[in-house]
Amino acid sequence: MNSSMIGKIEKAHRYAREPERISFESFKASFQGGHDSYTVELTDAGWNCSCHTFEAHLVGSTCAHVMAMQQILGGMLPDRARYDEQATEALVG
Ligand SMILES: [Zn+2]
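So, here's what we can say about the structure. (Residues numbered from 1 in each chain as written. Predicted model: local features only at pLDDT ≥ 70, side-chain atom pairs only at ≥ 80, totals over all residues.)

What to know about the overall build of the protein chain
Stated precisely, the cut-off is as follows: The secondary structure listing takes helices from DSSP runs of H or I that are at least 4 residues long and strands from runs of E that are at least 2 residues long, numbered from the N terminus. Placing a C-beta atom from the backbone of each residue, one calls two residues in contact when those atoms lie within 7 Å.
Along the protein chain, the regular secondary structure elements total four helices and three strands. Contacts in the protein chain between residues at least 24 apart in sequence constitute 40% of all its contacts with a sequence separation of at least 6.

Written out as structure tokens, the structure is:
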């Protein structure tokens, strides 16, 4: 292996320990909930989830799946997509 490849691998290891370098602009994921599998998406328009809670806007524009993704991805989300405290307060009452 040449030295420039070794340098790139070392850099990759360092970057992998610095997740704050990463900011998801969009993604689509399958989320296995308690009863069913849902599709959770982050788009330019914000979060979307295929579950009933999200689609019926029972707790604003969030649901347990979106909130879980926000906790998992944390600082890797752009500001607009981070944990919404007000929506969570509406959920817990
Ligand atoms: Zn959901």
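Some details on the nonpolar core
If you look at soluble globular proteins, the nonpolar side chains tend to sit buried side by side. Heads up, the condition is: Each nonpolar core reported here comprises buried Ala, Val, Leu, Ile, Met, Phe, Trp, Tyr and Cys residues connected via C-beta atoms within 7 Å. Backbone-placed C-beta atoms define the burial measure: a residue is buried with 20 or more other C-beta atoms within 10 Å of its own, exposed with 12 or fewer, and partly exposed in between.
Grouped together as the largest cluster of nonpolar side chains are twelve residues: Tyr38, Val40, Leu42, Trp47, Cys49, Cys51, Phe54, Cys63, Val66, Met69, Leu77 and Ala81. Per element, the largest residue contribution to this core is three residues, and it comes from strand β2 (residues 37–43). Excluding anything up to four places from it in sequence, phenylalanine 54 contacts Cys49, Cys63 and Val66.

Quick word on unusual backbone geometry
The phi dihedral of histidine 57 is positive, around 55°, even though this residue is not glycine. Here histidine 57 is to be found in the loop between α2 (52–55) and α3 (64–73).

Regarding the pairing of strand β1 (residues 27–32)
Heads up, the condition is: Whether two strands pair depends on DSSP finding at least two bridges between them.
Little of β1 sits out of view: just zero of its six residues are buried. In terms of strand pairing, β1 meets β2 through six bridges, oriented antiparallel. Considered in β2, the bridge of phenylalanine 27 is made with leucine 42. Taken together, β1 and the strand that follows it, β2, pair antiparallel across an intervening segment of four residues.

Examining the pairing of β2
The side-chain alternation of β2 yields one buried face, formed by Tyr38, Val40 and Leu42, and one unburied face, formed by Ser37, Thr39, Glu41 and Thr43. Note: β2 against strand β3 (residues 46–49), four bridges, orientation antiparallel. Pairing of threonine 43 across the sheet is with glycine 46, part of β3. The loop that links β2 with its antiparallel partner β3 comprises two residues.

Section: the sheet that holds β2
Stated formally: Axis definition: a line fitted to C-alpha atoms, limited for helices to the stretch in contact. Angles are taken between N-to-C directions and run from 0 to 180 degrees.
The strand order across the open sheet built from three strands is β1-β2-β3, with neighbouring strands paired in antiparallel fashion. Single-partner strands in this sheet number two, and they are β1 and β3. Averaged over all pairs of adjacent strands, the angle between strand axes in this sheet comes to 20°, irrespective of strand direction. Of the strands in this sheet, β1, β2 and β3 are in contact with α3, which crosses β2 at around 60°.

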